[in-house]
Amino acid sequence: MNTSLRRDRQDLLRAGLGHALNLGLPLLFVVIPILSFVVVSFWTLQDGQILLIPTLANYRTFFTDGSYLPVYLQTVGLSLQVTLVNVALSTAIALFIFRRTPRMRFLILMSFMLPLFMSYIIKVYSIRSILGQRGLLNEAMLGLGLIDQPIEALLFSRTAIFIALAVLYLPYAILPMYLALDRIPANYLAASADLGATPIQTLRDVVLPLGRPGIAAGAVFTFILTFGDFVTPQMVGGTQGFTFGRIVFSQFGLALNWPLGSALAVILLATTLLAVALAGLSLRREHVR
Amino acid sequence: MNWMSRAVAASLTTLTLLSSAAAVAQPKGEVRLLAYEGYADPAWVEEFEKETGIAVKVTYVGGVDEQIAKMKASNGKDYDVVTIDTASLKAYADQKLIAPIDKAKLTSAGNLLPEFRGMANATFDGATYGVPWAWGSLGMVYDKKTFPTAPESWEVLWDPKYKGKVISLDDANNAINFGAIVLGMKDPFHLTDAQFAQVKDKLIALKRNLLTYFAGFDEGTTIWTENDVVLMFSMGELAAINLQKKGFDVGYAIPKEGAVGWLDNLTVSAGTSNPDAAYAWMNFVLQKKIGADMAKKFGYGSTTDAPEGMDYASRLIWADNPEDYTRRQAIWNEVKAAE
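In this text the structure is predicted, and so the values were computed from the model without any measurement.

A.B. asks: Just give me the short version of the overall build of chain B, but keep the residues and values in it.
C.D. replies: Counting its secondary structure elements, chain B contains 12 helices and 15 strands. Along the first, second and third principal axes, the C-alpha atoms of chain B reach 100 × 45 × 35 Å. The burial tally for chain B puts 53% of its 339 residues in the buried class. Partitioning the intrachain contacts of chain B with sequence separation of at least 6 by distance along the chain shows that 77% fall at a separation of at least 24. Put simply, chain B shows about 15,000 Å² of open surface, and 55% of that area lies on carbon and sulfur atoms. Here chain B contributes 34 positively and 43 negatively charged side chains, and the mean placements of these two sets differ by 2 Å.

A.B. asks: Report on the sheet that holds strand 9 (residues 166-169) of chain B, specifying residues and quantitative values.
C.D. replies: All names here are of chain B. Taken in spatial order, the five strands line up as 10-9-11-8-12 in an open sheet, and their pairing is mixed. Sheet topology places strand 10 (210-214) and strand 12 (250-253) at the edges, where each strand pairs with a single neighbour. Across the sheet, the mean angle from the axis of one strand to that of its neighbour is 20°, orientation sign disregarded. Alignment of strand 9 against strand 11 (residues 231-233), held across three bridges, turns out to be parallel. Paired with Val 166 across the bridge in strand 11 is Leu 231. Strands in contact with helix 8 (residues 217-226) are strand 8 (140-143), strand 9, strand 10, strand 11 and strand 12; relative to strand 10, the strand with the most contacts, it is inclined by about 155°. Those strands touched by helix 9 (residues 237-245) are strand 8, strand 11 and strand 12, and its axis lies near 170° from that of strand 12.

A.B. asks: Which residues make up the interface of chain B and chain A, and what values do they have?
C.D. replies: Tallying the contact residues gives 25 residues for chain B and 27 residues for chain A. Both sides together, the interface formed by chain B and chain A hides about 2,300 Å², and carbon and sulfur atoms give 49% of it. It is Glu 226, Thr 326 and Asn 333 of chain B in chain B that bury the most area against chain A; as a group they hold 23% of the surface buried on that side. Applying the counting criterion to the chain B and chain A interface returns one salt bridge. Residues Arg 128 of chain A and Glu 219 of chain B are paired through a salt bridge, measuring 2.7 Å at the closest nitrogen-oxygen approach. Linking chain B to chain A there are 12 residue pairs in polar contact (both at pLDDT 80 or more). Secondary structure elements with two or more residues in the side of chain B that touches chain A: strand 10, helix 8 and helix 12 (325-337) of chain B. Broken down by class, the residue content of the side of chain B that touches chain A amounts to nine nonpolar, eight polar and eight charged.

A.B. asks: An account of unusual backbone geometry is needed here, citing residue identities and associated values.
C.D. replies: Residues and elements named next belong to chain B. The backbone of Lys 96 shows a phi angle near 55°, a positive value even though the residue is not glycine. Within the secondary structure layout, Lys 96 lies in the loop between helix 4 (86-94) and strand 4 (98-99). In the Ramachandran plot, Asp 125 falls in the positive-phi region, its phi being about 50° despite a non-glycine side chain. You can see Asp 125 is positioned in the loop between strand 5 (123-124) and strand 6 (127-128).

A.B. asks: Tell me about the confidence of the model for chain B, residues and numbers included.
C.D. replies: Residue-level pLDDT values for chain B average 88, and 92% of them are 70 or greater. Confidence drops under a pLDDT of 50 for residues 1-8 of chain B, and excluding neighbours within four residues, the segment shows one contact in the predicted structure.

A.B. asks: An account of the domain arrangement of chain B is requested, with residue identities and associated values reported.
C.D. replies: According to the domain assignment, chain B consists of domain 1 (10-133 + 263-305) and domain 2 (140-253 + 320-337). Between the C-alpha centres of domain 1 of chain B and domain 2 of chain B the distance comes to 34 Å.

Here is what the cut-offs are and how they apply
- Residues numbered from 1 in each chain as written.
- Chains lettered and ligands numbered in written order.
- Predicted model: local features only at pLDDT ≥ 70, side-chain atom pairs only at ≥ 80, totals over all residues.
- Heavy atoms only, no water.
- Helix = DSSP H or I, 4+ residues; strand = E, 2+ residues; numbered from the N terminus.
- Buried < 20%, exposed > 50% of the residue type's maximum accessible area, 1.4 Å probe, protein only.
- Contact = heavy atoms within 4.5 Å.
- Areas by Shrake-Rupley, 256 points an atom, 1.4 Å probe, with all protein chains shown as cover.
- Lys, Arg positive; Asp, Glu negative; His and termini not counted.
- Charge placed at Lys NZ, Arg CZ, Asp CG, Glu CD.
- Pairing = 2+ DSSP bridges.
- Axes fitted to C-alpha atoms, helices over the stretch in contact; angles between N-to-C directions.
- Buried area = accessible area lost by both parts, 1.4 Å probe.
- Salt bridge = Lys/Arg side-chain N within 4 Å of Asp/Glu carboxyl O.
- Polar contact = N/O pair within 3.5 Å; in protein donor to acceptor, adjacent residues only side chain to side chain.
- Nonpolar A, V, L, I, M, F, W, Y, C, P; charged D, E, K, R; others polar.
- pLDDT = per-residue confidence, 0-100.
- Domains from an automatic or database assignment.

Shown next as structure tokens:
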């Protein structure tokens, strides 16, 4: 009786410790750091000094002052465009891989994942040297006689930002999409064919609906990464390369406007959480039906 | 004298000889430098150590913030000589991290070029805190094929003829300084509301003529080499030097409106334990030959020996702290967000 009670208590203690670790580690390393900038976003900046006076002024600045809201909306628009294109591309590529033999699948998938092993900055520099006025693409087209003089608008334009972001973040969309397809049991497809469905019908009614979680995950990854990127647009976008991430970044240098920077970061975070929530919602609806 | 006492005498003599030899080789202490890259070349350090017997210990810093953090950590007790830019000098003096210069000990002061001898921007309340040592500017890089002679005015960057062939430095503070200088404002570091509005409009107009902004020496050079660029509001002399090294025929100019200049000063730490060693180092590096060597090796302007082509120090406006960094950043963001 006594020993079993002690054992119960020990189990309870162990379980408690486990829970404390499970909750404590994310709390310590994720939640508290994030909460800390939520807190800073309500502080006051006065004469270059950060004062611990609570205010909503930083959020008001976002909605009323100069350029913040328009840049935010532009960046949301850009990220949605990139997301749309990448979801379409990654679905096509994942389907392409899915239809190969198992051994080929791995090889092709790996080759699409290869860019993830390269430094991000090197990829941006490469894209730039491809798109530049004296870049690979222009030189090649000149050499082939397709154009008479270099196309100037390739680099340092909104188009360049769009291309660069789509290329950079495509692997992040392909991977979840492919993994979702890979989980579809082969006999589903066989059954669909046995029941007389054409390959197109199987794709529309079996493969794509079952691949939805992959599409949602790929879309969320692409949107979040694109929306928060403050380096690529600046490097390839020229005078158009000013995005919301850049505005957040600019508040932390010599400007030392941490409260405004934090408020803008909170807005960025809220936007990405909204994207995650929307993706989750779209999946749940599917279940209900 | 028996063999015993002879042996003792001999060993005593040897000891005396040894200890006097040791006295010659023993360094007269140490001088500890807190400096930027290129300010304590190994060749100079070696020559200085041989000449004076003072050992040199260098700590390099990458930026202003890092430097002030290091100085504050020990109230300057870890360093003897510190190189500080003109804009930060007053903050160091106000916080008593550096000591006034003892001009009697600065025997090399006579080597300074006339425009640096006054040390006016290092003097606060009658005390001089820094000796000018290295300088540079944020000037114009131009393509010599397009411009056989250097453009006279910065306005050429706004000329629609060169639309899409101009690049400009992405730096809130210096971009606003630049706009103010082009508009002929007397004090580009302290602008009024009306002046801010004018500068903003001027910079938005420039934006429409740009191919892109760039950040850092390397990026400016890379963009120039990969695109058809003929004009740049640059980060400094090094931009032109790097392009020339890559085989591009470019020139560097300070147009008639002037340009922002930076000037680093040699200062004595308030916490120094060996001021004589500190002055010995300062007197050593203020020799004309050291200045010339620095200009050759690193492309910095020297204050003791005017390097070839760097005859424009008197036309530069030495950088000062601006009235409000936060405001400058907000305005620069508006420029960058403008259509």
